[in-house]
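The lines below spell out each chain.
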Amino acid sequence: MIIVLKQGTAQREIDSLTARITAMGDITVTPIIGTDLTILGLVGDTTRVDENQIESQHCVERIMHVAEPFKKANRMFHPVNTTVRVGGSVIGGEALTVIAGPCSVESEEQIVGIAKAVKAAGATLLRGGAFKPRTSPYSFQGLKYEGLELLQAARRETGLPVVSELMSPMDIDVFMDKVDVIQVGARNMQNFDLLRQLGRIDKPILLKRGLSATIEEWLMSAEYILSEGNPNVILCERGIRTFETYTRNTVDLGAIPAVKRLSHLPVLVDPSHGTGKAWMVEPMARAAIAIGADGIMVEVHNDPAHALCDGQQSIKPEVFSEVMKDLRAIAGVIGRSV
Ligand code: PEP
Ligand code: MN
């Protein structure tokens, strides 16, 4: 971080600002005094520097960033890719991760049937929402605790680890017990209390990108979890809001190489919420893998026309099998496996 001081700043002001900054953390402040300008170079742990406080000092002209504000999520300080172990599989390793299943758990027959179908096609994890964050309070809100029980039944039947969305910190204990990966949905990406609490457990967290979150905001949310001690964070690009209305969201595929460069965390793509259209899932899934994502999360339903949630973007098990064939072919080209 670089602080540019106003012209004519007195030495005692420089000294008092330096003292103030060094009191904020393990930081070395190096002043460079020119004829017109004085700048302070800050190196060390600048995460605890309160920028607004510094900027409000009348001797400060402006602040410039040299490094990203996230430390634990930053590849600079952790060059090796993070891998997250779930059941028998590894997320972020050489093998791609494929999370498949319905938007929401609807019945035992539905979830067990879909689990068997996606497992047979090669999925590595089963998804299924029990608590659904719906825009309307009158829409189906999920089977809640009963849904978690049904996911367990599907796990028993197939051996697939399960992923489900947690909305309230009050349910963390139940999720610790019943699911293998806790999903934080787009709408909760900046629920900082929730993130902090999820940082105090060791269960893998699938952190979806917020509806209008920048890449930096998304990584700062990951930082909330990592900074509390949970290293098992998996990112998921699920499309962002843009001016385009043809698709439900705009899948930011460019975010994948960007995140891979900035961070060591595994990153998946959700082409279902990303497009909102079942027929676009297959091409977007192919693109996601080709561009370097560690896998996909896709909504699969046996009867999309009667799904209680997100039927329009859910593919049938037969189509999912085709997607898996595509992914195997592309994985071979880029030196990965499924
Ligand atoms: C979901 O995965 O079903 C979901 C609600 O996703 P998002 O939070 O990305 O909208
Ligand atoms: Mn959904």
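Our subject is the structure that appears above.
Residues numbered from 1 in each chain as written. Chains lettered and ligands numbered in written order. Predicted model: local features only at pLDDT ≥ 70, side-chain atom pairs only at ≥ 80, totals over all residues. Heavy atoms only, no water.

**Some thoughts on the nonpolar core**
Burial of nonpolar side chains together is a common tendency in soluble globular proteins. Membership of the largest hydrophobic core comes to 68 residues, with the highest contact counts inside it found for Val-118, Leu-126, Leu-198, Leu-207, Leu-235, Ile-296 and Phe-320. When near neighbours in sequence (up to four residues on either side) are disregarded, Ile-296 contacts Thr-97, Val-98, Ile-99, Leu-268, Val-269, Pro-271, Ala-285, Ala-288, Ile-289, Val-323 and Leu-327. Within the second largest apolar cluster, 16 residues are counted, among which are Ile-3, Leu-40, Leu-42 and Val-60. (Core = buried A, V, L, I, M, F, W, Y, C linked by side-chain atoms within 4.5 Å. Buried < 20%, exposed > 50% of the residue type's maximum accessible area, 1.4 Å probe, protein only. Contact = heavy atoms within 4.5 Å.)

**Some points on the coordination of the manganese ion (ligand 2)**
For a metal with four donors in a tetrahedral arrangement, the ideal angle between donors is 109.5 degrees, while six donors in an octahedron ideally sit at 90 or 180 degrees. Protein coordination at the manganese ion (ligand 2): the donors are Cys-103 (SG), His-273 (NE2), Glu-299 (OE) and Asp-310 (OD), at 2.0 to 2.4 Å from the metal. For the manganese ion (ligand 2), all donor residues lie on one chain, and their spacing in sequence is C-x169-H-x25-E-x10-D. Within this pair, whereas Cys-103 is found in the loop between strand S7 (97-101) and helix H3 (108-121), its partner Asp-310 is found in the loop between strand S14 (295-299) and helix H11 (317-333), the two being separated by 207 residues in sequence. Pair check on accessibility: Cys-103 and Asp-310 agree, each one buried. (Donors = N, O, S within 2.8 Å, 3.2 Å for Na, K, Ca; no water. Helix = DSSP H or I, 4+ residues; strand = E, 2+ residues; numbered from the N terminus.)

**Some words on the pairing of strand S2 (residues 27-33)**
Taken together, the seven bridges between S2 and strand S3 (residues 38-44) define a ladder with antiparallel strand orientation. Paired with Ile-27 across the bridge in S3 is Gly-44. Adjacent in sequence and paired antiparallel, S2 and S3 are bridged by four residues. (Pairing = 2+ DSSP bridges.)

**Things to note about the layout of surface pockets**
The space that makes up the largest pocket amounts to roughly 870 Å³. Lining the largest pocket are 28 residues; nearest its centre among them are Thr-47, Arg-48, Pro-69, Met-220 and Glu-223. Elements with a contribution of two residues or more to the lining of the largest pocket: S3, helix H6 (192-199) and helix H7 (215-227). It is H7 that contributes the most residues to the lining of the largest pocket, seven residues altogether. Class assignment of the residues belonging to the lining of the largest pocket gives a composition of ten nonpolar, seven polar and eleven charged. Domain assignment of the residues forming the lining of the largest pocket places at least three in each of domain 1 (2-64) and domain 2 (84-333). Its boundaries defined by the atoms lining it, the second largest pocket holds a volume of some 230 Å³. Looking at the second largest pocket, it is lined by 19 residues, and the ones nearest its centre are Pro-133, Arg-187, Arg-248, His-273 and Asp-310. (1 Å grid on protein atoms, 1.4 Å probe; cavity = no way out; pocket = protein on both sides within 12 Å on 5 of 7 lines; lining within 4 Å. Points joined across faces, edges and corners; volume = space filled by probe spheres on them. Nonpolar A, V, L, I, M, F, W, Y, C, P; charged D, E, K, R; others polar. Domains from an automatic or database assignment.)

It is worth stressing that arrangement in space is one thing and function is another; only the former is reported here.
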